[in-house]
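Residues per chain are reported as follows:
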Amino acid sequence: MPHFLSVRDVPDLPQFLAEARAVKQTPFAWSHLGRHKTLGLIFMNPSLRTRLSTQRAAQNLGLNCMVLNTDKDSWKMATGEGVVMNGDAAEHIKDAVAVMGQYCEILGVRSFPMLVNREEDYAENTLHDFVRYAGVPIVSLESATRHPLQSAADLITIEQYKTKPRPKVVLTWAPHPRALPQAVPNSFAEWMLAAGLDLTIAHPEGYELDTQFTAGATLTHDQDAAFRGADFIYAKNWSSYHDEYGHILSRDKNWMITPAKMQLTNNAKFMHCLPVRRNVVVADAVLDGPNSIIIPQAANRVVAAQVVLKRLLEQI
Ligand code: CP
């Protein structure tokens, strides 16, 4: 059964990007594919972009779409085999997911990490329960360790704006008041490297990501050095992966992206997946400046989701 869980589910990235260009030019050319079919979007955590862009992508393909926010609108779910359900949880995830699979031809699910136990988060139990029990293709709407729809949109955006075949792309850590998942930087790194781009990752000491995602990238603790010659700056906060998993190790304001930092680059475009904390992660003058492409980047979330859903519909 086809699924969309990571870049491994897109072995033909050049063809994927060609389809993205086609979808962008003629978004309604495949509106017959979703006729009499239904997409279910299951959110265990909040979302603005992923929810709306995936719904819009579904509409362009003629799909019906149902959204369930399980954190607010549904029964609390138990997980794990052999659990005695005498607590808060009214139903088991294996029953709930199997039922959802009866109502939909494709299911999307968002499930964030708890940032307490690294092994549990990186086991991706919730995502794997959906794959195991739904009986239909699963699309990751951001899991504990990856955000492939975001990364697909990021790659589409870089292809749209690049002015040389192999641009220098810099993923930089930036400060944030809350501990955030590693899903976006993990996923961004693996998509950029799979596409063969020149990727540098800059972060303070202690913020090293899992090498399964970053092998092949240039890693540095010197943000200024990373910015020199960069064609794209992608800012994102993440919490620690190795020591003190899920913790904030640095609040260093010198890592905030400012116009002075952007001056070091090769007139780089600025990217962020959003939502973004203004004047904490990045200065207003950068976000609102002429090199910011955060809005076209967000617009490409529809394109990315539509190519993914189109491909799944063509296979079922
Ligand atoms: N970038 C992104 O996934 O945004 P949402 O959390 O609003 O969906």
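Definitions and cut-offs
- Residues numbered from 1 in each chain as written.
- Predicted model: local features only at pLDDT ≥ 70, side-chain atom pairs only at ≥ 80, totals over all residues.
- Heavy atoms only, no water.
- Helix = DSSP H or I, 4+ residues; strand = E, 2+ residues; numbered from the N terminus.
- Rg over C-alpha atoms; globule rule 2.2 N^0.38 Å.
- Buried < 20%, exposed > 50% of the residue type's maximum accessible area, 1.4 Å probe, protein only.
- Contact = heavy atoms within 4.5 Å.
- Areas by Shrake-Rupley, 256 points an atom, 1.4 Å probe, with all protein chains shown as cover.
- Lys, Arg positive; Asp, Glu negative; His and termini not counted.
- Charge placed at Lys NZ, Arg CZ, Asp CG, Glu CD.
- Expected span 1.5 Å × (residues − 1).
- Phe/Tyr/Trp six-rings, centres within 6.5 Å; stacked < 30°, edge-to-face > 60°.
- Lys NZ or Arg CZ within 6 Å of the ring centre and 35° of its normal.
- Near = heavy atom within 4 Å.
- Polar contact = N/O pair within 3.5 Å; in protein donor to acceptor, adjacent residues only side chain to side chain.
- Domains from an automatic or database assignment.
- Buried area = accessible area lost by both parts, 1.4 Å probe.
- Salt bridge = Lys/Arg side-chain N within 4 Å of Asp/Glu carboxyl O.
- Nonpolar A, V, L, I, M, F, W, Y, C, P; charged D, E, K, R; others polar.

(A) Just the overall build of the chain, in detail. Secondary structure summary: the chain contains 12 helices and 11 strands in total. Relative to its length of 316 residues, the chain is compact, with a C-alpha radius of gyration of 20 Å against a globular reference of 20 Å. For the chain, the residues scored as buried account for 55% of the 316 residues in total. In the chain, once contacts between residues fewer than 6 apart in sequence are set aside, the share between residues at least 24 apart is 79%. Carbon and sulfur atoms make up 50% of the accessible area of the chain, which totals about 13,900 Å². For the chain, the distance from the average position of its 31 positive side-chain charges to the average position of its 32 negative side-chain charges is 7 Å.

(B) Helix α7 (residues 183-194), seen in detail. Relative to the 16 Å expected for 12 residues at 1.5 Å per residue, α7 spans 16 Å between its end C-alpha atoms, a close match to the ideal helical length. With 10 of its 12 residues buried, α7 lies for the most part within the structure. Immediately downstream of α7, the backbone of G196 shows phi near 80 degrees, a positive value.

(C) Representation of the packing of aromatic side chains within the structure. For the coordinates displayed, the defined rule picks out 7 aromatic pairs. Arranged with centres 6.1 Å apart and planes meeting at 65 degrees, the rings of F16 and W191 form a pair that is edge-to-face. Remark: W191 occurs in helix α7 and F16 occurs in helix α1 (residues 13-25); sequence separation between them is 175 residues. What makes F16 buried here is its relative accessible area of 1%. Note on W173 and Y207: the rings are 4.7 Å apart at their centroids and 40 degrees apart in plane angle, and the pair reads as tilted. Within this pair, whereas W173 is found in strand β7 (residues 168-173), its partner Y207 is found in the loop between β8 (198-202) and α8 (211-214), the two being separated by 34 residues in sequence. By relative accessible area, Y207 is classed as buried at 1%. Each residue in the set F4, F16 and W191 is aromatic and connected to the rest through ring pairs, giving one cluster. The lysine or arginine in question, R118, covers the ring of Y241, its NZ or CZ lying 4.6 Å from the ring centre.

(D) Region of interest: the site of the ligand. Contacts to the ligand come from S47, L48, R49, T50, R110, H147, Q150, C273, L274 and R301. Measuring from an oxygen atom of the ligand, one finds a side-chain N or O atom of R49 at 2.9 Å. Between the ligand and C273, the relevant distance is 3.1 Å, taken from a nitrogen atom to a main-chain nitrogen or oxygen of the residue. When we break the shell around the ligand down by domain, the ones giving at least three residues each are domain 1 (7-146 + 301-315) and domain 2 (150-298).

(E) A look at the domain arrangement of the chain. Domain boundaries assigned for the chain yield domain 1 (7-146 + 301-315) and domain 2 (150-298). Each of domain 1 and domain 2 has a C-alpha centre, and the two are 25 Å apart. Contacts between domain 1 and domain 2 engage 24 residues on the former and 32 residues on the latter. Carbon and sulfur atoms supply 63% of the area that domain 1 and domain 2 bury against each other, a total of about 2,300 Å² over both sides. Where domain 1 touches domain 2, the interface holds 1 salt bridge. For E190, the salt bridge goes to R146, with nearest N and O atoms at 2.5 Å. Where domain 1 meets domain 2, there are 9 residue pairs in polar contact (both at pLDDT 80 or more). Mapped onto the side of domain 1 that touches domain 2, the elements with two or more residues apiece are α1, α4 (118-123) and α12 (294-315). Its residues assigned to classes, the side of domain 1 that touches domain 2 comprises 14 nonpolar, 3 polar and 7 charged.

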